[in-house]
Amino acid sequence: MKVPTGRRERKKAATRQKIADTALRLFLERGYDAVGIRDVAAEADVAVTTVFSHFASKEALVFEQDEDFERRLTQAVTGRAPQDPLIPALRREMHALVRHCTADGAAPIWGMIDASPALREYEESMMLRHAESLATAIAADPGLPRTTTACRTIARFVIGAHSLAREAADPDAAVDEIFRMIEAAWEVTHPSGNSAGTAGP
């Protein structure tokens, strides 16, 4: 999570985290459908309007690290060194993200998500948005001369790796297996290029 710098930003981030933590606790204790925004606001001791100033919907309370997830993946593209291979950079970031979401205590959260049609629909929409942001970052890199379709396809594969790996018996091994296929698909889109992310001759 990006650390806020100013006092006002830190206070705002602390309030947001408090709301998210409170909501998640209530959802797990009472059931997602049994808890409303007013319940969350009352328990967190904030106004309903404050909840909505931080989260656009009830579903967003569950996926409170949504923006951080998207930012980390796009920065794996834009923040890497010029000669740093693209796919390995994304694989490293995905390993970290999957380890976080499969840490101790995460299972009940994913069980709640899987049991809720509203949360599953929100997750699908969120992942499509992440894929589009990632595709845009890849397409904007002048050293990665792929078509828009190729960038969007690879981005969707990368985003899909998250849910596939977290459901696997060995998430780390699953990430590596999936990314071997992703790298092979990436190279097929531009055989004369190289995996270091620079244009070929």
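Residues numbered from 1 in each chain as written. Predicted model: local features only at pLDDT ≥ 70, side-chain atom pairs only at ≥ 80, totals over all residues. Heavy atoms only, no water.

S.K.: Kindly report on the overall build of the protein chain, identifying the contributing residues and their values.
M.R.: Looking only at helices and strands, the protein chain has 10 helices and 0 strands in total. Along the protein chain, helices and strands appear, N-terminal first, in the series α-α-α-α-α-α-α-α-α-α. Each principal axis of the C-alpha atoms in the protein chain carries an extent, and together these give about 60 × 40 × 25 Å. Of all intrachain contacts in the protein chain linking residues separated by at least 6 positions in sequence, the fraction that spans at least 24 positions is 69%. With the model as given, the accessible surface of the protein chain reaches about 10,900 Å², and the carbon-plus-sulfur share is 54%. Side-chain charges in the protein chain split into 25 positive and 29 negative, and the spacing between the mean points of these groups amounts to 6 Å. (Helix = DSSP H or I, 4+ residues; strand = E, 2+ residues; numbered from the N terminus. Contact = heavy atoms within 4.5 Å. Areas by Shrake-Rupley, 256 points an atom, 1.4 Å probe, with all protein chains shown as cover. Lys, Arg positive; Asp, Glu negative; His and termini not counted. Charge placed at Lys NZ, Arg CZ, Asp CG, Glu CD.)

S.K.: Requested: an account of the side chain of His-130, with residues and values cited.
M.R.: With respect to the helices and strands, the residue His-130 is situated in helix H8 (residues 117–140). A relative accessible area of 2% means that His-130 is categorised as buried. (Buried < 20%, exposed > 50% of the residue type's maximum accessible area, 1.4 Å probe, protein only.)

S.K.: Provide a residue-level description of H8, including the pertinent values.
M.R.: Between its first and last C-alpha atoms H8 spans 35 Å; for 24 residues at 1.5 Å apiece the expected length is 34 Å, and the two agree. Looking at the buried side of H8, the elements it contacts are helix H4 (58–62), helix H5 (66–78), helix H6 (86–101), helix H7 (107–115), helix H9 (148–166) and helix H10 (171–188). (Expected span 1.5 Å × (residues − 1).)

S.K.: Can you break down the nonpolar core residue by residue, with the values?
M.R.: If you look at the biggest cluster of nonpolar residues, it comprises 54 residues, and the most contacted ones within it are Leu-61, Leu-90 and Phe-179. Per-element accounting of this core gives the leading share, 8 residues, to H8. Here Leu-61 is in contact with Ile-19, Ala-20, Ala-23, Phe-27, Ile-37, Val-40, Val-51 and Phe-55, once residues within four sequence places are set aside. (Core = buried A, V, L, I, M, F, W, Y, C linked by side-chain atoms within 4.5 Å.)

S.K.: Please provide a residue-by-residue account of H9, values included.
M.R.: Between its first and last C-alpha, H9 extends 28 Å over 19 residues, near the 27 Å set by a 1.5 Å rise per residue. The largest bend along H9 reaches roughly 25° and is located at Gly-160. Among all positions in H9, only Ala-150, Cys-151, Ile-154, Ala-155, Val-158, Ile-159, Ala-161, His-162, Ala-165 and Arg-166 are buried. (Bend = angle between axes of the 7 residues up to and from the residue.)

S.K.: Would you mind going over the confidence of the model for the protein chain in detail, with residue names and values included?
M.R.: For the protein chain, per-residue confidence averages 89 on the pLDDT scale, and 92% of positions sit at 70 or higher. Element-level mean pLDDT values for the protein chain span from 92 in H7 up to 96 in helix H2 (residues 37–44). Below pLDDT 50 for its whole length, residues 192–201 participates in 23 contacts with residues either more than four positions away or in separate chains. (pLDDT = per-residue confidence, 0-100.)

S.K.: I'd like to hear about the packing of aromatic side chains, residue by residue, with values.
M.R.: A complete count under the given rule lists 2 aromatic pairs for this structure. An angle of 65° between the planes, with centres 4.9 Å apart, marks the rings of Phe-27 and Tyr-32 as edge-to-face. Exposure remark for Tyr-32: the relative accessible area of 7% places this residue in the buried category. With a centroid separation of 5.5 Å and 20° between ring planes, the pair formed by Phe-63 and Tyr-122 is classed as stacked. With a gap of 59 residues between them, Phe-63 in the loop between H4 and H5 and Tyr-122 in helix H8 connect regions that are remote in the sequence. Using a relative accessible area of 22% as the deciding quantity, one classes Tyr-122 as partly exposed. It is Lys-58 that lies over the ring of Tyr-32; its NZ or CZ is 4.2 Å from the centre. The ring of Trp-110 carries the charged tip of Arg-166 above its face, separated from the ring centre by 3.6 Å. (Phe/Tyr/Trp six-rings, centres within 6.5 Å; stacked < 30°, edge-to-face > 60°. Lys NZ or Arg CZ within 6 Å of the ring centre and 35° of its normal.)

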